[in-house]
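# Remarks on the overall topology
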Amino acid sequence: MANPLRGEVIRLYKNLLYLGREYPQGSAYFRERLKSAFMKNKDVTDPEEIKKLVARGEFVIKEIEALYFLKKYRAMKKRYYEPDK
């Protein structure tokens, strides 16, 4: 029997994989860590536990996006403003 949350988990994996392309330590590093995290939880079958893990994945997405915005902000600030002395 197929799990109804399977599509949600696959969507989460694809979103994280997409965000990992610009990860500071490299996309290969991110991909390996992502795969190991998903493989660690591959045997979870309880729908409530799956929902908790998906919610944690959504939180990770928000954290990665915040990291990217901070990186862009610092680059823009470095280009257009004089360093504080």
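What you are looking at is a predicted structure, and each value in this text was computed from that prediction instead of being measured.

### Observations concerning the UniProt feature "domain: Complex 1 LYR protein" (unreviewed entry) in the protein chain
Under the present numbering, the feature "domain: Complex 1 LYR protein" (unreviewed entry) in UniProt falls on residues 8-61. Within the segment residues 8-61, helix and strand shares are 76% and 0% respectively, and the terminal C-alpha atoms sit 14 Å apart.

### Considering the packing of helix 1 (residues 6-19) against helix 2 (residues 27-40)
In contact at an axis separation of 10 Å, helix 1 and helix 2 are set at 160° when each is read in the N-to-C sense. Viewed along their axes, helix 1 and helix 2 adopt a mutual orientation that is roughly antiparallel. With respect to the hand of their crossing, helix 1 and helix 2 are arranged in right-handed fashion. Contacts from V9, L12, Y13, L16 and L17 of helix 1 reach helix 2 at F30, R31, L34, K35 and F38. Classifying every residue of the contact of helix 1 with helix 2 gives eight nonpolar, no polar and two charged.

### A short note on the environment of F69
Secondary-structure assignment places F69 in helix 3 (residues 47-80). The class of F69 is exposed, set by a relative accessible area of 58%. Sequence separation between F69 and S27 is 42 residues, and the spatial gap between their C-alpha atoms is 17 Å.

Rules used in this analysis
- Residues numbered from 1 in each chain as written.
- Predicted model: local features only at pLDDT ≥ 70, side-chain atom pairs only at ≥ 80, totals over all residues.
- Heavy atoms only, no water.
- UniProt positions renumbered as here; feature names shortened; annotations may be inferred.
- Helix = DSSP H or I, 4+ residues; strand = E, 2+ residues; numbered from the N terminus.
- Axes fitted to C-alpha atoms, helices over the stretch in contact; angles between N-to-C directions.
- Parallel < 35°, antiparallel > 145°, perpendicular 65-115°, else oblique.
- Left-handed = near helix turned anticlockwise from the far one by under 90°.
- Contact = heavy atoms within 4.5 Å.
- Nonpolar A, V, L, I, M, F, W, Y, C, P; charged D, E, K, R; others polar.
- Buried < 20%, exposed > 50% of the residue type's maximum accessible area, 1.4 Å probe, protein only.

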